[in-house]
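Summary of the model geometry
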Amino acid sequence: MSSRLSLLRVRPLAGNRARGWLTAGPFRVPCALGPAGIVRIKREGDKGTPAGRFTLLWGYCRPDRVRLRSAGPPLKPMRRDQGWCEDPESPRYNRPVRLPAADCTDRMWRDDHLYDLTFVLDQNFSRRSKGRGSAIFFHLARAGLTPTAGCVAISLADMLKLAPRLARGAIMAIG
């Protein structure tokens, strides 16, 4: 295997703020972004992808759909009752939660495959600030690379090429 990828760089696509290019080592792949494009000041629900440098903390892999032995960031098997808290008023804001949960608005175990292989970005996670964005992930894209809710998404084929080559502590630089 080639050397580990420690930096993933995301740049906007000229003329379409909801699309971009992700570059990592020899790879250059198209990616989907939020419909508001890359934003400098992230706010909950703004549909923007936050600018900055974010560590890939860990990943989730849906075991019934994706077989991936390893990636640099630790991989956890996704559970059916997996959710993510997007309620800025909750003490569990921007944290994984077990469903059902009244303060959860993002279900991780989805029918649409978007989170079958997902990495959690350290955007408002290690140092949380109420309302500064939650559930910012690096995940799988919809067909046609349609916009995300503020995440960075690539095709399954591209993710399966990149994920095993990621370094532990890899950084995603957006903007």
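Analysis parameters
Position numbers for residues count from 1 along each chain, tracking the sequence in the order it is written. For this predicted model, a pLDDT threshold of at least 70 governs which residues receive local features, and a threshold of 80 or more governs which side-chain atom pairs are given and counted, while totals over whole chains, interfaces and linings are taken from all residues. For side-chain calculations, the full set of non-hydrogen atoms in the structure is used, while hydrogens and water are omitted. The helix count covers DSSP runs of H or I at least four residues long, the strand count covers runs of E at least two residues long, and both are numbered beginning at the N terminus. Per-residue accessibility, obtained with a 1.4 Å probe over protein chains only, is compared with the maximum for each type, and a residue is labelled buried under 20%, exposed over 50%, and partly exposed between these values. Throughout, a residue-residue contact means that at least one pair of heavy atoms, one from each residue, lies within 4.5 Å. Any two strands with at least two DSSP bridges between them are considered paired. Whenever a helix is involved, its axis is fitted only over the stretch in contact; in every case the axis is a line through C-alpha atoms, and angles between N-to-C directions fall within 0 to 180 degrees. Each salt bridge in this description consists of a side-chain nitrogen of Lys or Arg and a carboxyl oxygen of Asp or Glu lying within 4 Å of one another. Here a cavity is any set of points on a 1 Å grid over the protein atoms alone where a 1.4 Å probe fits but cannot get out, and a pocket is any open set with protein on both sides within 12 Å along at least 5 of 7 lines; a residue lines the site when it has an atom within 4 Å of a point. Grid points are joined across faces, edges and corners, and a volume is the space filled by probe spheres set on the points. Each residue gets one of three labels, nonpolar for Ala, Val, Leu, Ile, Met, Phe, Trp, Tyr, Cys and Pro, charged for Asp, Glu, Lys and Arg, and polar for the others, Gly among them. In plain words, nonpolar cores are sets of buried Ala, Val, Leu, Ile, Met, Phe, Trp, Tyr and Cys residues tied together by side-chain atoms within 4.5 Å.

1. A look at the overall build of the protein
In terms of helices and strands, the protein carries 1 helix and 14 strands. Overall, the C-alpha framework of the protein stretches about 45 × 35 × 30 Å when taken along its three principal axes. Looking at the protein as a whole, 51% of its 175 residues qualify as buried. Taking contacts inside the protein between residues at least 6 apart in sequence as the whole, the part at least 24 apart equals 58%.

2. With respect to the sheet that holds strand β8 (residues 82–85)
In spatial order, the strands read β9-β8-β10; together these 3 strands make up an open sheet with antiparallel pairing. Of all the strands in the sheet, the pair left with one neighbour each is β9 (96–98) and β10 (104–107). Between one strand axis and the next, the sheet turns through 50° on average, direction left out of account. Two strands pair when backbone bridges link them, and β8 and β9 are joined in this way by 3 bridges, in the antiparallel orientation. Residue Trp-84 lies in a different strand from β9, and its bridge partner there is Pro-96.

3. Quick word on the pattern of salt bridges
Under the counting rule described, the total for this entry stands at 8 salt bridges. Where Arg-79 meets Asp-81, a salt bridge forms, and the shortest distance between an N and an O atom there is 2.9 Å. In this structure Arg-79 comes out as partly exposed when scored by relative accessible area, which is 33%. Salt-bridge contacts for Arg-98 lead to Asp-81; the nearest nitrogen and oxygen are separated by 2.8 Å. Residue Arg-98 is found in strand β9, and its partner Asp-81 is found in the loop between β7 (75–77) and β8; the two are separated by 17 residues along the sequence.

4. Let's talk about the layout of surface pockets
There is about 280 Å³ of room inside the largest pocket. Considering the residues around the largest pocket, the lining is formed by 20 residues, among which Glu-86, Ala-135, Ala-149, Gly-150 and Cys-151 are closest to the centre. Of the residues contributing to the lining of the largest pocket, the split by class is 7 nonpolar, 6 polar and 7 charged.

5. Remarks on the nonpolar core
Formed by 30 residues in total, the largest nonpolar core has its most connected members in Leu-22, Leu-117, Phe-119, Phe-138, Val-152 and Met-172. Residues contacting Leu-22, with those up to four places away along its chain left out, are Leu-8, Arg-9, Val-10, Phe-27, Arg-28, Val-29, Cys-31, Phe-138, Val-152, Ile-154, Leu-162 and Met-172. In this structure, Trp-58, Trp-84, Trp-109 and Phe-137 belong to the second largest nonpolar core, which totals 13 residues.

6. Observations regarding the environment of Ala-135
Along the chain, Ala-135 turns up in the loop between β11 (117–121) and β12 (137–140). Judged by its relative accessible area of 4%, Ala-135 falls in the buried class. With 99 residues separating them in the primary sequence, Ala-135 and Ala-36 have C-alpha atoms 16 Å apart. If sequence neighbours within four positions are ignored, Ala-135 has contacts with Trp-84, Glu-86, Asn-94, Asp-106 and Cys-151.

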